[in-house]
Amino acid sequence: MSADTTRPSSGMRQLAGIALFAVAVACLPLVTTSGAALNFAMMALYATLLAQAWNILGGFGGQFSFGHALFFGTGAYIQAIAQLQGGLNAWLALPLAVAGSAAVGLFVGALSFRYGLKGSYFALVTLAFAEVFRIVALSVSFTGGGVGLMVPLRESVANMQFATRAGYLWLVLGFVVAALLVTWWLRNSRYGAYLQAVRDNEDAARAVGVNPFRIKLAAIGLSAAFMGSAGAFYVQVFQYIDPAIAYGSVTSVEALVAAIVGGMGTLWGPVLGAVVLHVLADLTRNLFGELPGINMVIYGVVLVLIMIFLPRGIAGIGLSVRQLWAGIKGRRHD
């Protein structure tokens, strides 16, 4: 009875937290005009969007993907191609990028889940699809091949190209808030309960009438859609995309590491993980900028340490510490 009565209030507190987060970040350009500070906040939110997208499928659905760059790159290329070759406005290209990424996610999910692929098999399938798309992007002309595509700079709100970092900050904040709201829904809805039941025990979930195929398919569609929005955002900020950026492993690693470090299957874990890793990336870039790939090494070390000492991530640090202390006290009594 107590769980039923506290859950609605807990859900409202989470919504209030999302609202406070949105207001606080939105007001940041009113507090400081520092380009460095706004750029840091913008890129931290971008990393949060990647992590939240992965968290929907990996954290709540238990389907670990090593190739989420597949959806990121698809969204990025659709955003660029729709403007350059389709003549569409950037705002009109955005829903196409999101929908296209979701469609690719549904296609990969239908093939994978129909044949019962999960665990390491599913992870390798997503990695393989990302590599296939990278090779295709290198080979065809409409993607620019290895040269890539460059979106011309035409600064205006109508073109989704802003004169300052504040505009991009508000844009990516909108994506992140939408992802947070979906995550909140997963934590408090019947579908979210079904998804977590499939994650914990697929056979038991099927025995009580849950259709794992449909549940996981919807999750990968949602996850891919948000990853596609991150790709579209990247194109608008940097005005350039090529196969290595679009479908390379760096984006996939950044998404999954931030979610795992912060805390999988949690509301705020990906936010915490993205900020921590972004701080580490900036420090690493300043200290070891001449060493290529050092940030990936740092990510790997942080991931190993988190998995050993904080298996629930940063968001679960309180519970992890309490359990560690309880174990120490238990050994003392023995």
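Located above this text is the structure these notes cover.
The rules behind the values
Residues numbered from 1 in each chain as written. Predicted model: local features only at pLDDT ≥ 70, side-chain atom pairs only at ≥ 80, totals over all residues. Heavy atoms only, no water. Helix = DSSP H or I, 4+ residues; strand = E, 2+ residues; numbered from the N terminus. Rg over C-alpha atoms; globule rule 2.2 N^0.38 Å. Buried < 20%, exposed > 50% of the residue type's maximum accessible area, 1.4 Å probe, protein only. Contact = heavy atoms within 4.5 Å. Areas by Shrake-Rupley, 256 points an atom, 1.4 Å probe, with all protein chains shown as cover. Lys, Arg positive; Asp, Glu negative; His and termini not counted. Charge placed at Lys NZ, Arg CZ, Asp CG, Glu CD. Expected span 1.5 Å × (residues − 1). Axes fitted to C-alpha atoms, helices over the stretch in contact; angles between N-to-C directions. Parallel < 35°, antiparallel > 145°, perpendicular 65-115°, else oblique. Left-handed = near helix turned anticlockwise from the far one by under 90°. Nonpolar A, V, L, I, M, F, W, Y, C, P; charged D, E, K, R; others polar. Salt bridge = Lys/Arg side-chain N within 4 Å of Asp/Glu carboxyl O. Phe/Tyr/Trp six-rings, centres within 6.5 Å; stacked < 30°, edge-to-face > 60°.

Chemist: Outline the overall build of the protein chain, supporting the account with residue identities and numerical values.
Modeler: Of regular secondary structure, the protein chain possesses 15 helices and 2 strands. For 334 residues, the compact-globule formula gives about 20 Å, and the C-alpha radius of gyration of the protein chain, at 20 Å, lands near that figure. Taking the principal axes of its C-alpha atoms as reference, the protein chain extends roughly 70 × 50 × 40 Å. Per-residue burial over the protein chain gives 48% buried out of 334 residues. Once local pairs closer than 6 in sequence are excluded, the contacts in the protein chain between residues at least 24 apart make up 77%. When the accessible surface of the protein chain is split by element, carbon and sulfur atoms take 69% of a total near 15,700 Å². Across the protein chain, 19 positive and 11 negative side-chain charges occur, with their mean positions spaced 9 Å apart.

Chemist: Describe in detail helix H3 (residues 35–59), supporting the description with residues and values.
Modeler: Between its terminal C-alpha atoms H3 stretches 34 Å, which fits the 36 Å expected from 25 residues at 1.5 Å a residue. The buried fraction of H3 is high, at 20 of 25 residues.

Chemist: Residue-level account of the side chain of Glu202, with values.
Modeler: Along the chain, Glu202 falls in helix H9 (residues 202–207). Exposure remark for Glu202: the relative accessible area of 14% places this residue in the buried category. With sequence-adjacent residues up to four places away left out, Glu202 is seen in contact with Lys118, Ala197, Pro212 and Lys216.

Chemist: Quick rundown of unusual backbone geometry? Include the residues and the values.
Modeler: Phi is positive for Met160, close to 60°, though the residue is something other than glycine. Turning to its location among the elements, Met160 is positioned in the loop between strand E1 (149–150) and helix H7 (165–188). Judged by relative accessible area, which is 1%, Met160 ranks as buried. Backbone geometry at Gln239 places phi at a positive 55°, although glycine is not the residue there. Looking at where Gln239 falls in the secondary structure, it is placed in the loop between helix H10 (212–238) and strand E2 (240–241). For Gln239, a relative accessible area of 14% corresponds to the buried category.

Chemist: Quick one: what's the story with the packing of H3 against helix H13 (residues 269–287), residue by residue and with numbers?
Modeler: Relative orientation of the contacting elements H3 and H13 amounts to 130°, with a least axis distance of 8 Å. The angle between the axes of H3 and H13 places the two elements in the oblique class. In the crossing of H3 with H13, the sense of the turn from one axis to the other is right-handed. Of the residues in H13, those in contact with Phe40, Met43, Ala44, Ala47, Thr48, Ala51, Gln52 and Asn55 of H3 are Pro270, Val271, Ala274, Val275, His278, Val279 and Asp282. Along the lines of polarity and charge, the residues of the contact of H3 with H13 split into 10 nonpolar, 4 polar and 1 charged.

Chemist: Before we move on, can you summarise the packing of helix H4 (residues 69–84) against helix H5 (residues 90–114) with the specific residues and values?
Modeler: When two helices pack together, their arrangement is given by the angle between the helix axes and the distance between those axes. Orientation of H4 relative to H5, taken along the N-to-C sense of each, is 145°, at an axis distance of 8 Å. With respect to the hand of their crossing, H4 and H5 are arranged in right-handed fashion. For the pair H4 and H5, the contacting residues are Leu70, Phe71, Thr74, Gly75, Ile78, Gln79, Ala82 and Gln83 in the first and Ala90, Ala93, Leu94, Leu96, Ala97, Gly100, Ser101, Val104, Gly105 and Val108 in the second. Looking at the contact of H4 with H5, its residues break down into 11 nonpolar, 7 polar and no charged.

Chemist: Requested: an account of the pattern of salt bridges, with residues and values cited.
Modeler: Using the criterion set out here, one finds 5 salt bridges in the structure. The partner of Lys216 in a salt bridge is Glu202, with the nearest N and O atoms 3.2 Å apart. Separated by 14 residues along the polypeptide, Lys216 in helix H10 and Glu202 in helix H9 bring together distant segments of the chain. Glu202 matches Lys216 in its accessibility class, with the two residues each being buried. Measuring nitrogen to oxygen at the nearest pair gives 3.2 Å for the salt bridge that ties Asp203 to Arg206. Placement of both Asp203 and Arg206 in helix H9 is noted, with a separation of 3 residues, approximately one turn of the helix.

Chemist: Please give an account of the packing of aromatic side chains that cites residues and values.
Modeler: All told, the structure shown has 14 aromatic pairs when counted by the stated rule. Note on Phe107 and Phe129: the rings are 6.1 Å apart at their centroids and 85° apart in plane angle, and the pair reads as edge-to-face. With Phe107 in helix H5 and Phe129 in helix H6 (residues 120–139), this pair connects stretches of sequence that are 22 residues apart. Both rings, one in Phe113 and one in Phe122, keep their centres 5.2 Å apart while their planes meet at 25°; by these two values the pair is stacked. With a relative accessible area of 6%, Phe113 lands in the buried category.

Chemist: Please give an account of the side chain of Ser101 that cites residues and values.
Modeler: Take Ser101: it is sitting in helix H5. When its relative accessible area of 0% is taken as the criterion, Ser101 is described as buried. Each residue touching Ser101, except ones within four places of it in the same chain, is listed here: Phe71, Thr74, Gly75, Ala224 and Gly228.

Such coordinate-based values are descriptive only and should not be taken to indicate function.
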